[in-house]
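Residue-level structural notes
What follows is the residue order along each chain.
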Amino acid sequence: MSYRSHIIRLVMIIVALVVVFALVRSFLIPESFGTYGHYRGDNLAEQMNMPLVHLESAFCRECHQEQHTSWQGSKHSVVNCEVCHGHWEIHNGNLKTMTAVKSNDACLLCHQALTGRPASVSQIKNFALHRAEKDEAKTGAQTCVECHNPHAPLETGA
Amino acid sequence: MRHAADKTRDNMKNIDRRDFLKTGGKLCAGGLIVYTAELLLPRLGRSAKGPAYDWEKHLYGFVVDTTLCIGCGRCVKACKGENGVPEGFYRTWVERYRITEHEEVLVDSPRGALDGFTDIESEAKVVKSFFVPKLCNQCSKPNCVQVCPVGATYQTKEGVVLVDDKHCVGCSYCVQACPYGARYIDHHGRGVADKCTWCYHRIRQGKTTACVQVCPVGARLFGRVDDPEGPVAKLLHSKRLQVLKPETGNEPMVLYIGLDREVR
């Protein structure tokens, strides 16, 4: 019985160690860690709350009904507004900042005949030849969109 | 004031060292226990159920039809815009495979196809060529999650593998572990790992991913695989699909139509 104090002391040291361990652990591990699994549960909300940058084309119709209607019935209805016009976030806040990419390069991203490109979309093999054929001198057109309406490509005029 | 201070000093003098240590120790231990309990109790009481929508009932899949892809790279641009992917890094990219008459396999992906592709002169005749869009395969058994030493990358119940940028220490084990090269360490930014999230912020709102939304030829399809009426499940049940590098055993949830043996 004379060793009782030793045992008590040992138990107290162990208890103190456990408490210290629990404390250090609670400081080092984020609060929501382990809520859903072996990760910080709060991160799910952080991921979810990222802002939307692209919206659907139907949203654009709210203001641009005329363009939306002609686009919707055309072959280009598979191309979202934001592909050529840039994403919504550019437009958001300052409505004047959104424009369209009108360069020939933008059209050729899809319509240039290319090694590996399937024949499913209309393709132009020789751009210079096409311009010569369409009598560039007569029309004076320098860009695709001067002849091809991007909203309804089979109708002429921008 | 002065009297009170003197009195306290007198009392202090009457305590011997042993008593002082005993009392002090007890007070400290008590304080620690109370403090610990305060830290731990709210955690025990935390509700274990998930957010409002039932994420256990949304298992997602992604189908890429390589026979439709025209290599315009609009997916790459949309992804960068939607997710703020830094210059020089790609969460999705498009590769072009060109197979020559000598069975040589040439692969190119200029800037991940952000500006599309251009024709490349090659000495040997190209007999076959096609585009292969790539992205994180959101594996069912992800290596990257397994190797993360801090629990910064994880798999949601919907099968999406995410990276917690606040918890990641940037050790890049996951980058090495990924068989698909889908991860990168953003060295210009915070130096933590990042990758495709299947636009988690969009899909949780019922929207599709940015890359799927802008694809003009429908080469990409995203949706639930556990909904038999959904477009993805219908494809699963009608088409013959392949995954990239099945030998790694990661069981990707990105499925491909029209993969060729040359594709890695």
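To keep things clear, this report deals only with the structure shown in the data block.

Scoring rules and cut-offs
Residues numbered from 1 in each chain as written. Chains lettered and ligands numbered in written order. Predicted model: local features only at pLDDT ≥ 70, side-chain atom pairs only at ≥ 80, totals over all residues. Heavy atoms only, no water. Buried < 20%, exposed > 50% of the residue type's maximum accessible area, 1.4 Å probe, protein only. Helix = DSSP H or I, 4+ residues; strand = E, 2+ residues; numbered from the N terminus. Contact = heavy atoms within 4.5 Å. Buried area = accessible area lost by both parts, 1.4 Å probe. Salt bridge = Lys/Arg side-chain N within 4 Å of Asp/Glu carboxyl O. Polar contact = N/O pair within 3.5 Å; in protein donor to acceptor, adjacent residues only side chain to side chain. Nonpolar A, V, L, I, M, F, W, Y, C, P; charged D, E, K, R; others polar. 1 Å grid on protein atoms, 1.4 Å probe; cavity = no way out; pocket = protein on both sides within 12 Å on 5 of 7 lines; lining within 4 Å. Points joined across faces, edges and corners; volume = space filled by probe spheres on them. Pairing = 2+ DSSP bridges. Axes fitted to C-alpha atoms, helices over the stretch in contact; angles between N-to-C directions.

The subject of this paragraph is helix α7 (residues 104–111) of chain A. Structurally, the α-helix is built with 3.6 residues per turn, so residues lying three or four positions apart point the same way. Listed in full, the buried residues belonging to α7 of chain A are N104, L108, L109 and C110 of chain A. Where α7 of chain A is buried, its residues meet α8 (127–133) of chain A together with α3 (74–83) of chain B.

Further remarks concern the interface of chain A and chain B. At the junction of the two partners, chain A supplies 43 residues and chain B supplies 56 residues. Carbon and sulfur atoms make up 59% of the surface buried where chain A meets chain B, a total of about 4300 Å² over both sides. Three residues, M48, H54 and T115 of chain A, lead the burial of chain A against chain B; their summed loss comes to 14% of the area buried on that side. The interface formed by chain A and chain B contains 3 salt bridges. At the boundary of chain A with chain B, the tally comes to 15 residue pairs in polar contact (both at pLDDT 80 or more). Among the elements of the structure, α1 (4–28), α2 (42–48), α5 (81–85) and α7 of chain A are those that each provide at least two residues to the side of chain A that touches chain B. Split by residue class, the side of chain A that touches chain B holds 25 nonpolar, 11 polar and 7 charged.

As a further point, take the layout of surface pockets. Roughly 610 Å³ of internal volume is contained in the second largest pocket. Every residue lining the second largest pocket is counted, 17 residues in all, and those nearest its centre are M12 and I13 of chain A together with G25, K26 and A29 of chain B. Elements with a minimum of two residues in the lining of the second largest pocket: α1 of chain A together with α2 (17–45) of chain B. When residues of the lining of the second largest pocket are assigned to their parent elements, the largest contribution, 9 residues, is made by α2 of chain B. Across the lining of the second largest pocket, the residue classes break down as 11 nonpolar, 2 polar and 4 charged.

Turning to the sheet that holds strand β4 (residues 126–135) of chain B, a few remarks are in order. Residue and element names in this part refer to chain B. Read across the sheet, 3 strands follow the order β3-β2-β4 without closing on themselves; strand pairing throughout is antiparallel. With partners counted over all chains shown, the strands left at the sheet margins are β3 (105–108) and β4, one partner each. Mean inter-strand twist for the sheet, computed between neighbouring axes without regard to direction, equals 20 degrees. Relative to β3, strand β2 (residues 92–100) runs antiparallel, the two sharing 4 bridges. Bridge pairing in β3 places I99 opposite V105.

Relative to the helices and strands, Q213 of chain B resides in helix α7 (residues 210–214). Residue classification places Q213 of chain B among the buried residues on the basis of a relative accessible area of 9%.

Looking now at the environment of V192 of chain B. Residues and elements named next belong to chain B. Positionally, V192 belongs in the loop between β7 (184–185) and β8 (193–194). Separated by 27 residues in sequence, V192 and D165 place their C-alpha atoms 6.2 Å apart. If sequence neighbours within four positions are ignored, V192 has contacts with D165, C168, G170, Y184, I185 and D186.

These figures capture arrangement, not role.
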